[in-house]
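Remarks on the overall topology
The lines below spell out each chain.
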Amino acid sequence: MQGRRIVILTGAGISKESGLDTFRDPDGLWARVRIEDVATPEAFARDPGRVHAFYNHRRQTLLEPQVAPNAAHKALARLEADWPGEVLLVTQNIDDLHERAGSKNLIHIHGELLKARCLVCGGVSPWGEAMTRDSLCPLCGAEGTLRVHVVWFGEMPLEMDRIYEALGACDLFVSIGTSGNVYPAAGFVAEVRAGGQAHTVELNLEPSDGFTAFAECHHGPATVEVPAFVERILADGW
């Protein structure tokens, strides 16, 4: 097992059991609000107050005391700490539950809800309060130039070069709690399989849209499937 590299992709399904909404479930966020109104650069240019309000509500929900890392988040942090090789966690989630659980080698492909980005200086800063059109950039002092540090529709996901490099070099790829229909993440398993060497595993509540591309699948709640899988990997490898 020494030196074998693992890449893990997580989606909204892993945080749902911590009390956070998913996006594409029948009762998810995009069933209640239009993407075009809150999650595009055009929406922000047209009505920044509405966009700020949407993410302020999500930020407030994330910071509620009952929202905490669950057993799946904690199991992945344990895997990173105890595995003798590299473990890279790539999450589509904009919450900070992986960090709270103890994960350190982490990429937020879609950005982070608890950070602000300045449209003037380009700086990214921690941000845990309500954001308004009058908020000041902590780095340059500009007023009214902040947006949430989240990748909107029509924008490029973050750190893609680093991710594809890791996918090309990994020995195990695990997808957890994803729908399998949001690109580029939905194409990661094909990228790994093109290399021909890595084992691929899906852990999901139910089969994703792309489950047939995986060599191994386990379906059930993340808080059950992920800890069991981590125990097996740490004991026996794959």
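Note: the structure precedes this text.
A quick note: this is a predicted structure, and the numbers were derived from the prediction, not measured.

1. A closer look at the environment of Tyr-183
Relative to the elements of secondary structure, Tyr-183 occurs in the loop between strand S7 (172–176) and helix H9 (188–195). For Tyr-183, a relative accessible area of 61% gives the class exposed. Along the chain, Tyr-183 and Asp-21 lie 162 residues apart, while their C-alpha atoms are 20 Å from each other.

2. Let's talk about the pattern of salt bridges
In the structure shown here, the tally under the stated rule is 9 salt bridges. Asp-37 serves as the salt-bridge partner of Arg-34, at 3.2 Å between the closest nitrogen and oxygen. With a shortest N-O distance of 3.5 Å, Asp-82 and Arg-78 are connected by a salt bridge. Here Asp-82 and its partner Arg-78 are both found in helix H6 (residues 71–82), 4 residues apart, which amounts to about one turn of the helix. Looking at Asp-82, the relative accessible area reads 45%, which means it is partly exposed. Linked through salt bridges whose partners overlap, the residues forming this network are Arg-34, Asp-37 and Arg-50.

3. Digging into the packing of helix H8 (residues 160–169) against H9
At a minimum axis distance of 9 Å, the contact between H8 and H9 shows a crossing angle of 45°. Accordingly, the angle class assigned to the pair H8 and H9 is oblique. On the side of H8, the interface is formed by Met-160, Ile-163, Tyr-164 and Leu-167, while H9 contributes Phe-188, Glu-191 and Val-192. In terms of residue class, the contact of H8 with H9 is built from 6 nonpolar, no polar and 1 charged.

4. Quick look at the pairing of strand S8 (residues 199–204)
Of all 6 residues in S8, 5 are buried; the element is thus mostly enclosed. In the sheet, S7 pairs with S8 via 5 bridges, with the strands oriented parallel. Across the sheet, residue Val-174 finds its bridge partner in S8, namely Val-201. You can see the chain leave S7, run along H9 and come back into S8, and the turn it takes is right-handed. Summarising the sheet, S8 and strand S9 (residues 216–219) pair through 4 bridges and their orientation is parallel. What sits directly across from Asn-204, in S9, is His-219.

5. So, the packing of aromatic side chains
By the definition in use, this model includes 6 aromatic pairs. Measuring from ring centre to ring centre gives 5.5 Å for Trp-83 and Trp-238, while their planes differ by 25°; the resulting arrangement is stacked. Of this pair, Trp-83 sits in the loop between H6 and strand S2 (87–91) while Trp-238 sits in the segment after helix H10 (222–236); the two residues are 155 residues apart in sequence, bridging distant segments of the chain. On the basis of relative accessibility, which here comes to 26%, the residue Trp-238 falls in the partly exposed class. The ring of Trp-152 has Arg-147 sitting right over it, with the charged end atom 3.6 Å from the ring centre.

6. Overview of the sheet that holds strand S6 (residues 146–150)
Judged by pairing direction, the sheet is antiparallel, and its 3 strands sit side by side in the order S5-S4-S6 without closing on themselves. Bordering the open sheet on either side are strand S5 (124–126) and S6, each of which pairs with just one other strand. Strand-to-strand twist in this sheet, taken as the mean axis angle between neighbours without regard to direction, amounts to 45°. Across 5 bridges, the pairing between strand S4 (residues 111–118) and S6 is antiparallel. When the bridges of S6 are listed, Gly-111 appears paired with Val-150.

7. What to know about the environment of Gly-180
Structurally, Gly-180 is set in the loop between S7 and H9. For Gly-180, the residues in contact, after removing those within four places along its chain, are Ala-186, Ser-208, Asp-209 and Gly-210.

8. Brief notes about the sheet that holds strand S3 (residues 106–108)
Across a sheet, strands are paired by hydrogen bonds formed along the backbone, either parallel or antiparallel in direction. Here we have 6 strands laid out as an open sheet, ordered S3-S2-S1-S7-S8-S9, and parallel in their pairing. In this open sheet, the two strands that pair with only one neighbour each are S3 and S9. Taking each pair of neighbouring strands and ignoring which way they run, the sheet shows an average axis angle of 15°. Against the sheet, H10 contacts strand S1 (6–10), S7, S8 and S9, and its axis sits at roughly 140° relative to S9.

What counts, and where the lines are drawn
Throughout this description, residue numbers start from 1 for each chain and increase along the sequence as written. Since the coordinates come from a predicted model, pLDDT governs what is reported: local features require at least 70, and pairs of side-chain atoms require 80 or more to be given and counted, while whole-chain, interface and lining totals use all residues. Working from all heavy atoms in the structure, the side-chain values ignore hydrogens and water. Each helix corresponds to a stretch of at least 4 residues labelled H or I by DSSP, and each strand to a stretch of at least 2 residues labelled E; elements are numbered beginning at the N terminus. When accessible area is computed with a 1.4 Å probe and restricted to protein chains, residues below 20% of their type maximum are described as buried, those above 50% as exposed, and intermediate ones as partly exposed. Only one rule defines a salt bridge in this text: a Lys or Arg side-chain nitrogen within 4 Å of an Asp or Glu carboxyl oxygen. Here the axes come from fitting lines to C-alpha atoms, over the contacting stretch only for helices, and the angles between their N-to-C directions go from 0 to 180 degrees. Each angle receives one of four descriptions, namely roughly parallel if under 35 degrees, roughly antiparallel if over 145, roughly perpendicular if within 65 to 115, and oblique otherwise. We call two residues contacting when some pair of their heavy atoms lies within 4.5 Å. The classification used treats Ala, Val, Leu, Ile, Met, Phe, Trp, Tyr, Cys and Pro as nonpolar, Asp, Glu, Lys and Arg as charged, and all other residues, Gly among them, as polar. Two strands pair if DSSP finds at least two bridges between them. If the strands point away from the viewer and the path from the first strand over the helix to the second runs clockwise, then the crossover is right-handed. The aromatic pairing rule takes the rings of Phe, Tyr and Trp, using the six-membered ring of Trp, and pairs them if the centres are within 6.5 Å, calling planes under 30 degrees apart stacked, those over 60 edge-to-face and the rest tilted. Lysine NZ or arginine CZ positioned within 6 Å of the ring centre and within 35 degrees of the ring normal marks a charge as sitting over the ring.

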